[in-house]
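Chain residues, written in single-letter form:
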2 protein chains.
Amino acid sequence: MPKQVDHEARRTQIAKALWRVAQARGLDRVSLREVAAAADMSLGQLQHYFTNREDMMVFAVEFMNRKNVERVAERMLAAGSQSPRARLRAIVLEMLPVDQAAEAGSLINISFLLEAARSEPLRDYARKRALALRGVLEGQIALAMRAGDVDGSRDPAAEAALLVSLADGLRANFHLGVHTAEETVALMDGQLDRLFGG
Amino acid sequence: MPKQVDHEARRTQIAKALWRVAQARGLDRVSLREVAAAADMSLGQLQHYFTNREDMMVFAVEFMNRKNVERVAERMLAAGSQSPRARLRAIVLEMLPVDQAAEAGSLINISFLLEAARSEPLRDYARKRALALRGVLEGQIALAMRAGDVDGSRDPAAEAALLVSLADGLRANFHLGVHTAEETVALMDGQLDRLFGG
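All figures in this text were calculated on a predicted structure; none of them were measured in a lab. (Residues numbered from 1 in each chain as written. Chains lettered and ligands numbered in written order. Predicted model: local features only at pLDDT ≥ 70, side-chain atom pairs only at ≥ 80, totals over all residues. Heavy atoms only, no water.)

Asker: Go over the packing of aromatic side chains with me, naming the residues and quoting the values.
Answerer: Residue and element names in this part refer to chain A. Tallied over the entire structure, the rule returns 2 aromatic pairs over all chains. An angle of 45 degrees between the planes, with centres 5.4 Å apart, marks the rings of Phe 50 and Phe 59 as tilted. Grouping residues by exposure puts Phe 50 and Phe 59 together as buried. Sitting over the face of the ring of Phe 59, Arg 11 holds its NZ or CZ atom 4.7 Å from the ring centroid. (Phe/Tyr/Trp six-rings, centres within 6.5 Å; stacked < 30°, edge-to-face > 60°. Buried < 20%, exposed > 50% of the residue type's maximum accessible area, 1.4 Å probe, protein only. Lys NZ or Arg CZ within 6 Å of the ring centre and 35° of its normal.)

Below, the structure written as structure tokens:
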């Protein structure tokens, strides 16, 4: 019987290798050759799965995003029985990784933006992801409005868009060392206070 | 009489050449050699002014920042006789370049973040710049509070920090195509509405 290769497992192996390389050096300094070495395969084997750098990058970003969605979903489940505000806060804090893994994530986050600035497929992907995230927040804000926790005159779409952009900006400033982790979380809580009229 | 070389003019010439190269390719893809060519001088001549890439980068960023500060100062002067809210809005919009030059600025902005992630002097510079900007906004918010336009219970420092991070995040999402220019400005106006209790 010929040896069966699990192609999906191979692609996952490659994506994980890419993230290991990118964590140390940034996505912009990742080459097919280096990822092949980190995934313990030849360049030829890797090219069987990804013919160019951009395809590999899009797959790896989607892979990582699925992990992030799982994390957000877990947070939502864990906060399921809580108030709309607690659920919203749980999601927003998931977008603000200020823990010990954040230092490593910093280079990846920033270099991803740069890759996206140079690649239409990645930009397209980033756009869809931002809109999906906004949609989740929008739903939670609408629920909070139904519960009377947020003033009915607010626009859930605009409030959600503000939270997404604020999280992005706070993360960038945390990475630059403008705010500490505590200040970053306190600033986001200030924005939530405002939304909930606190 | 020996020929007098205006060293400051030469450094400015180099900084301008660097920005021309960076606008097309991003700061991360700028080399001393390319900048020398764009500044119409030899690599040896350029190295007389900057011995390494990082020194050149820090000078060029400071040069560009002086231009930005001049722009903000001009905006403030132009808005001098207006309400605190109009002045604050003028400064904040200056931080949100969504005009036709923004496309070119996008690559520079994003690649600057990446350079800063990899260089302590640049990160230090970015931090000081963000804090200076926050200080200016904080002053305008304090004036608005004195004028009774902003609720006295607000914390000007926190409100200013939120505006800076929000501007950074909105700019990144505008560059990714998540928001149009109009939506970007409308979202910032929404945040100002909230600050001014509108």
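Having put the structure on the table, let's press on.
Asker: Tell me about the relation of the copies chain A and chain B, and name the residues and values.
Answerer: Expressed as a screw operation, the relation of chain A to chain B combines 0.0 Å of axial shift with a rotation of 180 degrees, fitting to an RMSD of 0.0 Å. Here the copies are linked by what is in effect a two-fold axis. In this assembly, 100% of the residues forming the interface of chain A have copies in chain B that are likewise at the interface, indicating an isologous arrangement. (Least-squares fit on C-alpha atoms with pLDDT ≥ 70 in both. Contact = heavy atoms within 4.5 Å.)

Asker: Lay out a positive patch on the surface with the relevant residues and their values.
Answerer: Judged by side-chain charge, Lys16(A), Arg20(A), Arg66(A) and Lys67(A) come together as a positively charged surface patch. By the element assignment, Arg20(A) lies in helix α1 (residues 7-25). (Patch = residues over 30% accessible without salt bridge, like charges linked within 9 Å, V, L, I, M, F, W, Y side chains within 5 Å. Areas by Shrake-Rupley, 256 points an atom, 1.4 Å probe, with all protein chains shown as cover. Salt bridge = Lys/Arg side-chain N within 4 Å of Asp/Glu carboxyl O. Lys, Arg positive; Asp, Glu negative; His and termini not counted. Charge placed at Lys NZ, Arg CZ, Asp CG, Glu CD. Helix = DSSP H or I, 4+ residues; strand = E, 2+ residues; numbered from the N terminus.)

Asker: Could you give an account of the packing of helix α5 (residues 84-94) of chain A against helix α7 (residues 120-146) of chain A, with specific residues and numbers?
Answerer: All names here are of chain A. The interhelical angle for the contact between α5 and α7, taken along N-to-C directions, is 165 degrees, at an axis separation of 9 Å. Classed by the angle they form, the pair α5 and α7 counts as roughly antiparallel. Note that α5 runs across α7; the crossing there is left-handed. Along its contact with α5, which presents Pro 84, Arg 87, Leu 88, Ile 91 and Val 92, the element α7 presents Val 136, Leu 137, Gln 140, Ile 141, Leu 143 and Ala 144. (Axes fitted to C-alpha atoms, helices over the stretch in contact; angles between N-to-C directions. Parallel < 35°, antiparallel > 145°, perpendicular 65-115°, else oblique. Left-handed = near helix turned anticlockwise from the far one by under 90°.)

Asker: Run through the side chain of Arg171(A), naming residues and quoting values.
Answerer: Counting through the fold element by element, Arg171(A) comes out in helix α8 (residues 156-176). At 2.8 Å, the side chain of Arg171(A) forms a polar contact with the backbone oxygen of Met95(A). (Polar contact = N/O pair within 3.5 Å; in protein donor to acceptor, adjacent residues only side chain to side chain.)

These figures come from the coordinates and say nothing about function on their own.
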